[in-house]
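What follows is the residue order along each chain.
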Amino acid sequence: MLRARAEAARQAITALQARLRAATEQRVGEQHRQLLAWNDLLRVLGPQATLERGYSITTDASGGPLSSIRSVSSGERVRTQLADGEILSDVAKVCPRESQSL
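Small disclaimer: the values here were computed from a predicted structure and weren't measured. (Residues numbered from 1 in each chain as written. Predicted model: local features only at pLDDT ≥ 70, side-chain atom pairs only at ≥ 80, totals over all residues. Heavy atoms only, no water.)

A. Local environment of the overall build of the chain. Counting secondary structure elements, the chain contains 2 helices and 3 strands. Its C-alpha atoms give the chain a radius of gyration of 30 Å, clearly above 13 Å, the size a compact globule of 102 residues would have. When its C-alpha atoms are laid out on the principal axes, the chain stretches across 95 × 35 × 20 Å. A total of 102 residues make up the chain; the buried ones form 10% of that total. Within the chain, contacts between residues at least 6 apart in sequence are counted, and of these 22% link residues at least 24 apart. Surface summary for the chain: the accessible area is close to 9,000 Å², and the carbon and sulfur share equals 56%. For the chain, the distance from the average position of its 14 positive side-chain charges to the average position of its 11 negative side-chain charges is 15 Å. (Helix = DSSP H or I, 4+ residues; strand = E, 2+ residues; numbered from the N terminus. Rg over C-alpha atoms; globule rule 2.2 N^0.38 Å. Buried < 20%, exposed > 50% of the residue type's maximum accessible area, 1.4 Å probe, protein only. Contact = heavy atoms within 4.5 Å. Areas by Shrake-Rupley, 256 points an atom, 1.4 Å probe, with all protein chains shown as cover. Lys, Arg positive; Asp, Glu negative; His and termini not counted. Charge placed at Lys NZ, Arg CZ, Asp CG, Glu CD.)

Below, the structure is given as structure tokens:
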């Protein structure tokens, strides 16, 4: 009787180990797929993808991004990053956009 109980316990442990292994493999697979999805999203939304679509990123002399003409003055040096390299420029003139009425 003791041997039968011990054998039943071994079988139960073996079955639990198999279930744990399967659940772990499934969870790791799900996490791997999620990681790949996040990686794809980062690649699509990242700055390099933006550059490759024809846009540029322009920064001031200290490396801060320029998003307004108020951030730069004539004579300042700026750096423009493109998909395949950079352009260093000296600002000749800052020209505000004319307001557009609808």
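Okay, back to it.
B. Geometry of the pattern of salt bridges. All chains considered together, the criterion is met by 5 salt bridges. For Arg10, the salt bridge goes to Glu7, with nearest N and O atoms at 2.9 Å. Taken together, the residues Arg10 and Glu7, both in helix 1 (residues 2-45) and 3 residues apart, mark about one turn of the helix. Arg77 serves as the salt-bridge partner of Asp90, at 3.0 Å between the closest nitrogen and oxygen. Highlighted residues: Asp90 in strand 3 (residues 85-90) and Arg77 in strand 2 (residues 77-82), separated in sequence by 13 residues. (Salt bridge = Lys/Arg side-chain N within 4 Å of Asp/Glu carboxyl O.)

C. Spotlight on the pairing of strand 2. Examined bridge by bridge, strand 1 (residues 57-59) and strand 2 share 3 bridges and lie antiparallel to one another. Bridging from a neighbouring strand, Ile57 pairs with Gln81 of strand 2. Bridge analysis of strand 2 against strand 3 gives 6 bridges, and the strand direction is antiparallel. Counted as the bridge partner of Gln81 is Glu86 from strand 3. Following strand 2, the chain reverses through 2 residues before pairing antiparallel with strand 3. (Pairing = 2+ DSSP bridges.)

D. Looking closely at the environment of Arg5. Mapped onto the elements, Arg5 comes out in helix 1. The class for Arg5 is exposed, based on a relative accessible area of 59%. Residues Arg5 and Gly64 lie 59 residues apart in sequence; the distance between their C-alpha atoms is 72 Å.

E. Spotlight on a nonpolar patch on the surface. A cluster of nonpolar side chains, contributed by Trp38, Leu41, Val44 and Leu45, occupies part of the molecular surface with about 430 Å² of accessible area. On the accessibility criterion, Leu45 (60% relative accessible area) is exposed. (Patch = residues over 30% accessible without salt bridge, like charges linked within 9 Å, V, L, I, M, F, W, Y side chains within 5 Å.)

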